[in-house]
Amino acid sequence: TGGEAVKFKPNITVDVHCTGGFLGEGKHAGRLGALSFTYNERPGTVGTGFSDKQREEFWQALVHGNMKSPVGLIMEVEAMGLTPDGSLREPRFKGFRFDKKESD
């Protein structure tokens, strides 16, 4: 009403299988840098949306291969849509879905 423009960014939320993790660099050295997943038969990684505590816990679980490892769990990932090749654009970790056994 006052002439301001309001910008709405498209967001999608998908559920994907966690397939692994990567060691962080820089400020995340010694803990999780990103988790990997596959969506639309394309590999992807998500490196944002984690707390510092989650980064440490997930990395320890991956290194030691214990029962709390995120590999194989369903992750909820939010993204700003899809790229032209069908990959997720700017994915962000939202959490794990313990109520689901299959990805989208």
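Position labels on residues start from 1 in each chain and follow its written sequence. Only residues with pLDDT of at least 70 get local features here, since the model is predicted, and only at 80 or more are side-chain atom pairs given and counted; chain-wide, interface and lining totals rely on the full set of residues. The basis for every side-chain value is the complete set of heavy atoms in the structure, and neither hydrogens nor water enter the calculation.

*Asks:* Could you clarify how one ought to interpret the overall build of the protein chain in this entry?
*Replies:* Broken down by element type, the protein chain carries 1 helix and 5 strands. Numbering goes from the N terminus for both helices and strands, where a helix is a DSSP run of H or I of at least four residues and a strand is a run of E of at least two. Each helix (α) and strand (β) of the protein chain, taken in turn from the N terminus, gives the series β-β-β-α-β-β. With respect to the principal axes defined by its C-alpha atoms, the protein chain has extents near 55 × 30 × 25 Å. Relative accessibility thresholds used throughout: buried, under 20% of the residue-type maximum; exposed, over 50%; partly exposed, between the two (1.4 Å probe, protein chains only). Taking all 104 residues of the protein chain together, 36% fall into the buried category. In this description, accessible areas are obtained by the Shrake-Rupley approach with a 1.4 Å probe, and a residue is regarded as covered only by the protein chains that are shown. When the accessible area of the protein chain is evaluated, it comes to approximately 6,800 Å², of which 52% is carbon and sulfur surface.

*Asks:* Sorry, what's going on with the sheet that holds strand E1 (residues 12-23) here?
*Replies:* Strand pairing in a sheet takes place through backbone hydrogen bonds and is either antiparallel or parallel in direction. Note on pairing: two strands pair once DSSP finds at least 2 bridges between them. Pairing within the open sheet is antiparallel, and its 5 strands lie in the order E3-E2-E1-E4-E5. Of all strands in the sheet, those with a lone pairing partner are strand E3 (42-46) and strand E5 (92-96), marking the two edges. Neighbour-to-neighbour, the strand axes of the sheet open up by a mean angle of 45 degrees, direction not taken into account. For strand E2 (residues 32-39) and E3, the ladder comprises 5 bridges, and the chain directions are antiparallel. Residue threonine 38 lies in a different strand from E3, and its bridge partner there is proline 43. The contact definition used throughout considers only heavy atoms, calling two residues in contact when any of these lie within 4.5 Å. Between N-to-C directions, angles span 0 to 180 degrees; the directions come from axes that are lines fitted to C-alpha atoms, helices contributing only their stretch in contact. Its contacts with the sheet put helix H1 (residues 52-64) on E1, E2 and E5, and the angle it makes with E2 is roughly 70 degrees.

*Asks:* What should I look at first to understand the nonpolar core in this one?
*Replies:* Nonpolar side chains in soluble globular proteins tend to end up buried together. By nonpolar core we mean a set of buried residues, namely Ala, Val, Leu, Ile, Met, Phe, Trp, Tyr and Cys, connected to one another through side-chain atoms within 4.5 Å. By size, the foremost hydrophobic cluster in this structure holds 17 residues, and its most contacted members are Leu35 and Met75. Those elements giving two or more residues to this core turn out to be E1, E2, H1, strand E4 (74-79) and E5. By residue number, the principal contributor to this core is E2, which donates 4 residues. Excluding residues that lie within four positions of it along the chain, methionine 75 makes contacts with Val14, Asp15, Val16, Cys18, Leu35, Ser36, Phe37, Val46, Phe93, Gly95 and Phe96.

*Asks:* Teacher, can you tell me more about H1 here?
*Replies:* In an α-helix, one turn spans 3.6 residues, which is why side chains three or four residues apart end up on the same side. Residue count minus one, scaled by 1.5 Å, sets the expected span of a helix. Taking 1.5 Å as the rise per residue, H1 with 13 residues should run 18 Å; its terminal C-alpha atoms sit 18 Å apart, in good agreement. Within H1, burial applies to Arg55, Phe58, Trp59 and Ala61. Down the axis of H1, the sector holding all buried residues measures 160 degrees, keeping them to one side. Counted as exposed and oriented over 90 degrees from the buried face of H1: Lys53, Val63 and His64. Taken together, the buried residues of H1 touch E1, E2 and E5. Two residues or fewer after H1 comes glycine 65, characterised by a positive phi angle close to 60 degrees. Taken from the helix axis, the directions to the C-beta atoms give the arc we talk about.

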